[in-house]
Amino acid sequence: MYDTLFTPFDCGSLTLRNRFVMAPMTRFMSNNQRPGPEVAAYYRRRAEHGVGLIITEGATVDHPVSSQSLRAPAFFGQALDGWTRVVEEVHEASAKIVPQLWHVGAMRNPGGEQPNPHLPSATPSGLYRPGSKQIAEPLSKVEIQAIIDSFRRAAVEARRLGFDGVELHGAHGYILDQFLWGALNRRDDEYGGDAIDRTRFIVELVAAIRAEVGNDFPIILRVSQWKQQDYDARLADTPDLLTAIFSPISDAGVDMFHCSQRRYWEPEFPGSHLNFAGWMKRLLNKPVITVGSVGLNGSMVVEADQHDAEVSRDLEPLATGVATGEYDLIAVGRALIADAEWVDKVRTGRLDELHAFSKDHLTSLW
């Protein structure tokens, strides 16, 4: 039944042994923003047990307000030595790997504290959350260009270190997504405006990266309708608007879209069974990754001490989605944190051995 999940897949220069991707999941295990040997071993274990493509946890670019924690890895400076080892370990285990390049934007101040006046703004239009008062000046055009340059430099470093491509974190209310989202982007210049005009920042960023890395280095963009724990938020209420938003971004040089939703099995628009990834593939004619509670019975609960999730052993919907061409790749998140052997167990039919996910898994790199 699951043979289709273990067929190879090609996207330009990226050739994968199967359809399984390790989803990017921040672990806060990189002291002083440097991924150590234990981080490399963590990714290697998943590669050794059959994951085709590993997308690393978000690694922040070298803009002064890109990070929200000193335990989240960076992708510049001395942190690059740690990433060199990660790449080597994963490649030795016969998997492919891309870093997720990340700038948290307004989420840098999760408690709403006053920003440091000596640092640049981290918000598109001076707002932190929808409806809140202005707590900082909007990003200047100089800083917008500085952020674009930070992503461009990080992508160049990724290629130099031997990564197999890059993923840009353009989802979940972080900086790229904030420019797309009308609730946070209220600028009145060329980086604001209607839903189409608000794509300018990402279009310029993707184009800058593409110009530096060439056409044979895959660029993946992670996107979502929902925003940071606001699961009702939407960029587009119709397929036509979804097309209008992401077509110019696709044309700028994105090779693949990583489409995040809470539950991958839920349809995105009324009147069609297609999920978010399925619609993006149909509308943009680009390969897509689906993600959202794969291998779990239910979606993430964000309230304190409620991270447990039961195992789902019914993977037939996943296989059907790949077989019918609804989506191309499947990103597995918490199920792979809980069980490094998850892909091998699926391949060999040992579904009864799959581990459940609990909050205890969040405190280790097993």
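What comes next concerns the included structure. (Residues numbered from 1 in each chain as written. Predicted model: local features only at pLDDT ≥ 70, side-chain atom pairs only at ≥ 80, totals over all residues. Heavy atoms only, no water.)

## Brief notes about the side chain of H172
Relative to the elements of secondary structure, H172 occurs in the loop between β6 (166–169) and α4 (175–180). Once you skip the residues sitting within four places of it in the chain, H172 turns out to touch D177, R222, S224, W226, K227, Q228 and S260. (Helix = DSSP H or I, 4+ residues; strand = E, 2+ residues; numbered from the N terminus. Contact = heavy atoms within 4.5 Å.)

## A few points about helix α8 (residues 316–323)
Counting along an α-helix, one turn takes 3.6 residues, and residues three or four places apart therefore face a common direction. Buried residues of α8: L318, A319, G321 and V322, and no others. All buried residues of α8 fall inside an arc of 160° around its axis, so they share one side. Tucked inside the fold, the buried residues of α8 contact β10 (329–332). Following α8 by one or two positions, G325 has its phi on the positive side, about 80°. (Buried < 20%, exposed > 50% of the residue type's maximum accessible area, 1.4 Å probe, protein only. Arc of directions from axis to C-beta.)

## A few points about the packing of helix α1 (residues 37–48) against helix α2 (residues 79–92)
Packed helices, taken two at a time, are described by the angle between their axes plus the distance between the axes. The contact between α1 and α2 brings their axes to 8 Å, and the two run at 20°. Between α1 and α2, the interaxial angle falls into the category roughly parallel. Considering how the two elements wind past one another, α1 and α2 form a crossing that is right-handed. Side by side, α1 and α2 meet where P37, V39, A40, Y43, R44 and A47 of the first sit next to W83, R85, V86, E89, V90 and E92 of the second. Classifying every residue of the contact of α1 with α2 gives eight nonpolar, no polar and four charged. (Axes fitted to C-alpha atoms, helices over the stretch in contact; angles between N-to-C directions. Parallel < 35°, antiparallel > 145°, perpendicular 65-115°, else oblique. Left-handed = near helix turned anticlockwise from the far one by under 90°. Nonpolar A, V, L, I, M, F, W, Y, C, P; charged D, E, K, R; others polar.)

## Notes on the sheet that holds strand β4 (residues 53–60)
Overall, parallel pairing links the eight strands, which are arranged β3-β4-β5-β6-β7-β8-β9-β10 in a closed barrel. Going across the sheet, the axis of each strand differs from the next one's by a mean of 25°, ignoring polarity. Direction of pairing for strand β5 (residues 96–102) relative to β6: parallel, over a ladder of two bridges. Each bridged residue has a counterpart across the sheet, and for L101 the counterpart in β6 is L168. Contacts from α1 reach β3 (20–22) and β4, with the element oriented near 155° to β4. (Pairing = 2+ DSSP bridges.)

## Topic: the nonpolar core
Grouped together as the largest cluster of nonpolar side chains are 99 residues, with contacts concentrated most on F75, L168, F201, F246, F257, M280 and W342. Among the elements that take part in this core, helix α3 (residues 141–161) stands out by supplying eight residues, more than any other. Sequence-distant contacts of L168, that is, excluding residues within four places in its chain, are made with L101, F151, L176, L205, V206, I209, I219, I220, L221 and R222. Listed in part, the 15 residues of the second largest apolar core include I220, M256, V291 and L329. (Core = buried A, V, L, I, M, F, W, Y, C linked by side-chain atoms within 4.5 Å.)

Worth remembering: the numbers are spatial, not functional.
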